[in-house]
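Architecture at a glance
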Amino acid sequence: MQGCKTNKDVMSLIKEEEVEVVDVRFSDFLGAWQHFSLPARQFDEDSITSGLGFDGSSIRGWKAINESDMLVMPDVETAFIDPFMAHKTLIISGNIVDPISGQKYNRDPRSIAMKAEQYLLSTGLADTAYFGPEAEFFIFDNVIYGQSHNEGFYQVDSVEGSWNTGNDSEQNLGYKPRLKGGYFPAPPVDKHQDIRSEMMIILEDLNIPVEAQHHEVGTGGQSEINMKFNTLLKMADQMMVYKYVIKNVAYEQGKSVTFMPKPIFQDNGSGMHVHFSLWKDNKNLFAGDGYGGMSEMGMYAIGGILKHAKALLAFTNPTTNSYKRLVPGYEAPVNLAYSSRNRSASIRIPTYHSSEKAKRFEFRCPDPTANPYLAFPALMMAALDGIQNKIHPGEALDKDIYDLPPEELANVPQAPRDLKEALDALSEDHDFLLKGDVFTEDVIEAWIEYKMTEVNEVALRPSPVEFELYYDA
């Protein structure tokens, strides 16, 4: 982020910026940043080459307490000066290593992303995978939730919520987007122009190029800030910084951001449409003269993703809440088909530009609860499987899928209805992920096991609507 390439670059940055604190970060299994800090005087080149020890026993989905000692190996290219901390702080991310074997820890998500890039090179098919995620989020003014034996509740509030609640002690001036009507009116209906601009400028200051920021379709401050595409590992790193910046800018301004896909009933949910292309020798391999300007390789890549889509969603849509977004009627891609221009298909081939360099396709199912270090490799591995096995996706579906008659719709494969269905699909269909040892059986099993605990937690609890439906039965 600060352009560091060597150990000496980082040490020079610490000295030049008079850094007081070095904050070491890594992703847990599910995709949340974990961190610990040390005085800058304690951080030297040996900290980078030999690593820093920590206890991994309490990290979600990781080691048991009897084998908990781990090392984090900082990656100098991730270093940047934190824009939020009171004391000058350098953030640096790294990979997890087993101190006994000296090998990368197989459940470390960032190491999986690195292995994916290495596997791509080993195939000889391409040398670069580019990703352009569009992660949406809501900006709330107040959030409360709780669960006990005899009570369960949540409430979100927003200055522009169409439900028009708000704090009774404050004036309410009435300018609010309607449900599904937030794309994209000018202020004063859009209340969050300044806060999104602040987020955008900080990202730019951290050398993360932004293409645009805007209000999204939903109410409740639903927003989107689009980063310029980047390579797999770099974009995954940027996604972690993206979430960090957006949440902290909101927090500093008395707001709360969530990347939860469906926090508001009967309004659009937040997705993370992912634009994807493969390149070799600076040439876009997806550009051609076929359907939508795609090459044969590009079509096979689409075929691979559609074939493995249900299993893929276990990583790209990894929460029970994800499937409350993937329902008909809210522009969500519930149908596993592809099209040019058609946003009702799960894969869209954009037609904004005719340039070969701009040719890619957009996988519209993912949402921003995904761990990018796992979701991006999984998506790429499915595409490569399609290319290696010449899996053609069949005919495009250029109709509005939401208006198809039932007899036609019955022939269109559907996205999983819930997280359990996606996890079951992953259990049955994951050989494509094991190529090149990118994912391992241990990782797949651990992911399914952990995520099934979430499925069961939700299944055990009554919800408010169940009282409405069944209390007087």
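Preceding this section is the structure that the text describes.
Summarised in this report is the structure supplied together with it. Model, not experiment: these values are computed from the prediction.

On the surface, Val-143, Tyr-145, Tyr-154 and Phe-265 cluster together into a nonpolar patch covering about 520 Å² of accessible area. If you trace the backbone, Phe-265 turns up in the loop between strand 13 (256-258) and strand 14 (272-280).

Ring pairs (aromatic) are described by centroid distance and by the angle formed between their planes. Scanning the model with the defined rule gives 21 aromatic pairs in all. Pairing Phe-137 with Phe-259 gives two aromatic rings, centres 5.6 Å apart and planes at 55°, and the pair type is tilted. Placement of the pair is Phe-137 in strand 7 (residues 128-140) and Phe-259 in the loop between strand 13 and strand 14, with a sequence separation of 122 residues. Pair check on accessibility: Phe-137 and Phe-259 agree, each one buried. The structure contains a cluster of three or more aromatic residues connected by ring pairs, namely Phe-26, Phe-36, Phe-54, Trp-62 and Tyr-105.

Let us look at the pattern of salt bridges. For the structure shown, the criterion picks out 17 salt bridges. Linking Asp-424 and Lys-420 is a salt bridge whose minimum nitrogen-to-oxygen distance equals 2.9 Å. Of this pair, Asp-424 and Lys-420 both sit in helix 11 (residues 419-428), four residues apart, which is roughly one turn of that helix. For Glu-454, the salt bridge identified is with Lys-451, shortest N-O distance 3.1 Å. Of this pair, Glu-454 and Lys-451 both sit in helix 13 (residues 441-460), three residues apart, which is roughly one turn of the helix. Assessed through its relative accessible area of 22%, Glu-454 is described here as partly exposed.

When two helices pack together, their arrangement is captured by the angle between the axes and the distance separating the axes. Running from N to C, helix 3 (residues 109-123) and helix 5 (residues 232-252) point in directions that differ by 155°, and their axes come no closer than 9 Å. Taken together, the axes of helix 3 and helix 5 are roughly antiparallel relative to one another. For the pair helix 3 and helix 5, the contacting residues are Arg-110, Ala-113, Met-114, Ala-116 and Glu-117 in the first and Leu-232, Leu-233 and Asp-237 in the second. The class makeup of the residues in the contact of helix 3 with helix 5 is five nonpolar, no polar and three charged.

Attention shifts here to helix 11. Helical geometry note: an α-helix holds 3.6 residues per turn, so side chains three or four residues apart project in the same direction. Of all the residues in helix 11, the buried ones are Leu-419, Ala-422, Leu-423, Ala-425 and Leu-426. Down the axis of helix 11, the smallest arc covering the buried residues is 155°, so these residues share one side. At its buried positions, helix 11 is contacted by helix 7 (309-316), helix 8 (322-325), helix 12 (431-434) and helix 13. With a side-chain oxygen positioned 3.3 Å from the backbone nitrogen of Lys-420, the residue opening helix 11 is Asp-418.

Bringing the pairing of strand 8 (residues 142-147) into the picture now. Along any regular strand the residues' side chains alternate between the sheet's two faces. Bridge analysis of strand 8 against strand 9 (residues 152-157) gives six bridges, and the strand direction is antiparallel. Bridge pairing in strand 9 places Gly-146 opposite Phe-153. The turn joining strand 8 and strand 9, which pair antiparallel and follow one another in sequence, is formed by four residues.

Take a negative patch on the surface next. Together, Glu-198, Glu-204, Asp-205 and Glu-252 line one region of the surface with negative charge. Looking at the negative patch, the element that brings in the most residues is helix 4 (residues 193-205), giving three residues. In this fold, Asp-205 is placed in helix 4.

What follows deals with empty space enclosed by the protein. Here the structure, examined in full by the defined rule, presents one cavity of 30 Å³ or more. Approximately 30 Å³ is the volume attributed to the largest cavity. In terms of lining, the largest cavity is formed by Phe-26, Ser-27, Trp-33, Ser-93, Gly-94, Arg-110 and Tyr-373. Sorting the residues of the lining of the largest cavity by element identifies strand 1 (21-27) and strand 6 (89-97) as the ones contributing at least two each. Of the residues belonging to the lining of the largest cavity, the class tally is three nonpolar, three polar and one charged.

So, about unusual backbone geometry. Among all residues except glycine, the phi angle is most often negative; among peptide bonds, the trans geometry is most common. Residue Pro-187 is joined to Pro-188 through a cis peptide bond whose omega torsion reads 15°. Secondary-structure assignment places Pro-188 in the loop between strand 9 and helix 4. A positive phi is found at Asn-282, a non-glycine position, where the angle reads about 65°. In this structure, Asn-282 sits in the loop between strand 14 and strand 15 (283-284). The phi torsion at Asp-437 lies on the positive side, around 60°, for a residue other than glycine. Assignment of secondary structure puts Asp-437 in the loop between helix 12 and helix 13. According to the relative accessible area criterion, Asp-437 is partly exposed, its value standing at 45%.

Parameters at a glance
Residues numbered from 1 in each chain as written. Predicted model: local features only at pLDDT ≥ 70, side-chain atom pairs only at ≥ 80, totals over all residues. Heavy atoms only, no water. Patch = residues over 30% accessible without salt bridge, like charges linked within 9 Å, V, L, I, M, F, W, Y side chains within 5 Å. Areas by Shrake-Rupley, 256 points an atom, 1.4 Å probe, with all protein chains shown as cover. Salt bridge = Lys/Arg side-chain N within 4 Å of Asp/Glu carboxyl O. Helix = DSSP H or I, 4+ residues; strand = E, 2+ residues; numbered from the N terminus. Phe/Tyr/Trp six-rings, centres within 6.5 Å; stacked < 30°, edge-to-face > 60°. Buried < 20%, exposed > 50% of the residue type's maximum accessible area, 1.4 Å probe, protein only. Axes fitted to C-alpha atoms, helices over the stretch in contact; angles between N-to-C directions. Parallel < 35°, antiparallel > 145°, perpendicular 65-115°, else oblique. Contact = heavy atoms within 4.5 Å. Nonpolar A, V, L, I, M, F, W, Y, C, P; charged D, E, K, R; others polar. Arc of directions from axis to C-beta. Polar contact = N/O pair within 3.5 Å; in protein donor to acceptor, adjacent residues only side chain to side chain. Pairing = 2+ DSSP bridges. Lys, Arg positive; Asp, Glu negative; His and termini not counted. Charge placed at Lys NZ, Arg CZ, Asp CG, Glu CD. 1 Å grid on protein atoms, 1.4 Å probe; cavity = no way out; pocket = protein on both sides within 12 Å on 5 of 7 lines; lining within 4 Å. Points joined across faces, edges and corners; volume = space filled by probe spheres on them.

So yeah, pure geometry; function would need other evidence.
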